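Below are the chains, spelled out letter by letter.
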Amino acid sequence: MRTGFGSTSPRWWRGLLHGVLSFAVVASATVVTMDTADAKRKKYKRASASKAIASNPRYAAFVMDAKTGKTLYARNADKQRYPASLTKMMTVYLIFEDLKSGRFKKSDRVVMTRAGARRPPSKIGLRVGRSITMNQAILSLVTKSANDVATAVAQKLSGSEAAFARRMTRKARQLGMRNTTFKNASGLTQRGQTTTARDMARLGIALREHFPRQYRYFRTRLFKLGRARYGNHNRLLGRVRGVDGIKTGYTRASGFNLVSSVRTGGRSIVAVVMGGRTGGRRNRHMTSLIRRTLPKASRSKQRRLIARASTKRKVVKRTAKRTRTLPKVGPKPTFSPKTEDKIALRIARAHAESAPSRVSKAEIAAVRRALQKIAASRRPRPSLRPDTASSVMAYAASPRTTASIKAVQLVTRPNAVPPRLPKSVKGWHIQIAATDSRAAAERSLDTVRRKHRRLLRNAQLHIPTVRKNGRLFYRARFAGFASKNRARAVCRALKRKRVSCLAVKG
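### Structural notes on the nonpolar core
Judged by nonpolar contacts, the single largest core of 61 residues is most densely connected at Met90, Tyr93 and Val149. Those elements that provide at least two residues to this core are β1 (60-65), α3 (87-101), α5 (134-144), α6 (147-158), α7 (161-174), α8 (197-210), β5 (222-225) and β9 (267-276). Per element, the largest residue contribution to this core is eight residues, and it comes from α3. Trp428, Ile463, Leu494 and Val499 belong to the second largest nonpolar core, which has 21 residues in total.

Here it is in structure tokens:
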């Protein structure tokens, strides 16, 4: 018997051993090759994604820790971009601001205007003259991103979309959005309307901090209007853990934009992606940013990052040489200083030669009543008519009301406080506005009365005050309606002329 291993082993055993060894060598080589190929493939995908982002001239992204303000990711964060429908975040911010101040209610109606109906989609397609509530308007903005509703809301809040856009820009500056300018309320591409990813993140945080209760609107996934149903354009809601809003946007000039708010596990971030080539790519990139940056966010106590902008208007002091001093209280005079001077001069000429040196209180009161009667009967911005001037001169020249030039100047001096309306006017009123500025309330009344003279020719101007949450508000009202039905009829007529109003008991 041979003692060698090979010589004593059977032939089948040697074949089996060689087969096992060969299989092990081949399997090892295959595993090494597959690992190398997978690594190369993943590296190639990462390189392709980075190259695609770098080659996109509209791309910008920014992620901020919503608790500390720390920047977690930034790419072209301060480059100018078109906001598209991200603009509606500011539109909704100003709606929330007016609702909180009491200027409007959620039940107030928003009437579709011709300018709004002409806006291209996305829209809900309301016909001109039809209306929805302010609550429905908000839901249509945050879900359907309705351009027609955005324009109608802008015209209701500020009179015109251009004026509303200026208000949006002012608010942006107050919130620290230094690189943002708005030109319309919808976000449709317009020259000069640009923003940055960093500014949009600030606006998203401001919505969360300043209006924590109203912010729940942005979580709405489905909005019903009549028989129509509108789903939210934000596909990350319900799919990515912690996402609770905020807004999507798209135009050809901007690409696909998205601002996302994420709160989960004690962490909170706001992320912005702008200029995506498709909605799917934008969503995937946003999901990737959230997963990469959320673990870096702080779990510390929440601190306020965006200061609340004051809604009080600055009072500009003017010198006496350039303009007369207006009274601090009381309604706006219904006649100009120039008209006052003309009336005083004609009265003085009518009786200058026979005027006594001393004037009694009764005579001064008579002249005062005459001037008040003229002021009450005249429309805003009057022009002196010959018949009125002659009647004033005849009245002043009569023996009962003869007064000196000094007395007339006393009654009509520029600094004289005009007669106040009583604090409580009985009967039914029509309220058209509520604001924190008396001057704004007076302007509203003056504008509406000038445009609708036939409806309001017998109405009295009334501005009662109310204190709410420590702030004083002025209610612009027309008073003097004898019945509830009459007040409501006039209010309906004003609404048909696109004037918001409400019939209330005085």
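### Some details on the sheet that holds strand β8 (residues 255-264)
Read across the open sheet, the five strands follow the order β2-β1-β9-β8-β7; overall the sheet is antiparallel. The sheet terminates laterally at β2 (71-75) and β7 (243-251), the two strands that pair on one side only. Shown here is a sheet whose adjacent strand axes are inclined to one another by a mean of 5°, direction ignored. Those strands touched by α8 are β1, β2, β7, β8 and β9, and its axis lies near 140° from that of β9.

### Examining the confidence of the model for the chain
Here the chain averages 79 in pLDDT, while 69% of its residues score no lower than 70. The model gives residues 313-338 a pLDDT under 50, and that stretch makes 32 contacts with residues more than four places away or in other chains. Every residue in residues 350-357 scores below 50 in pLDDT, and together they form 15 contacts with partners more than four places removed in sequence or on other chains.

### Some details on unusual backbone geometry
Note that the residue after Pro121, namely Ser122, is joined by a cis bond; omega there is 15°. Along the polypeptide, Ser122 turns up in the loop between α4 (114-117) and β4 (131-133). Positioned with a positive phi, Asn76 is a non-glycine residue whose angle comes to about 55°. As for its placement among the helices and strands, Asn76 is situated in the loop between β2 and α3. Its relative accessible area of 33% is what places Asn76 among the partly exposed residues. Not every positive phi belongs to a glycine, and Arg498 is a case in point at roughly 65°. With respect to the secondary-structure elements, Arg498 resides in the loop between α16 (484-496) and β14 (502-505).

What counts and what doesn't
- Residues numbered from 1 in each chain as written.
- Predicted model: local features only at pLDDT ≥ 70, side-chain atom pairs only at ≥ 80, totals over all residues.
- Heavy atoms only, no water.
- Core = buried A, V, L, I, M, F, W, Y, C linked by side-chain atoms within 4.5 Å.
- Buried < 20%, exposed > 50% of the residue type's maximum accessible area, 1.4 Å probe, protein only.
- Helix = DSSP H or I, 4+ residues; strand = E, 2+ residues; numbered from the N terminus.
- Pairing = 2+ DSSP bridges.
- Axes fitted to C-alpha atoms, helices over the stretch in contact; angles between N-to-C directions.
- Contact = heavy atoms within 4.5 Å.
- pLDDT = per-residue confidence, 0-100.

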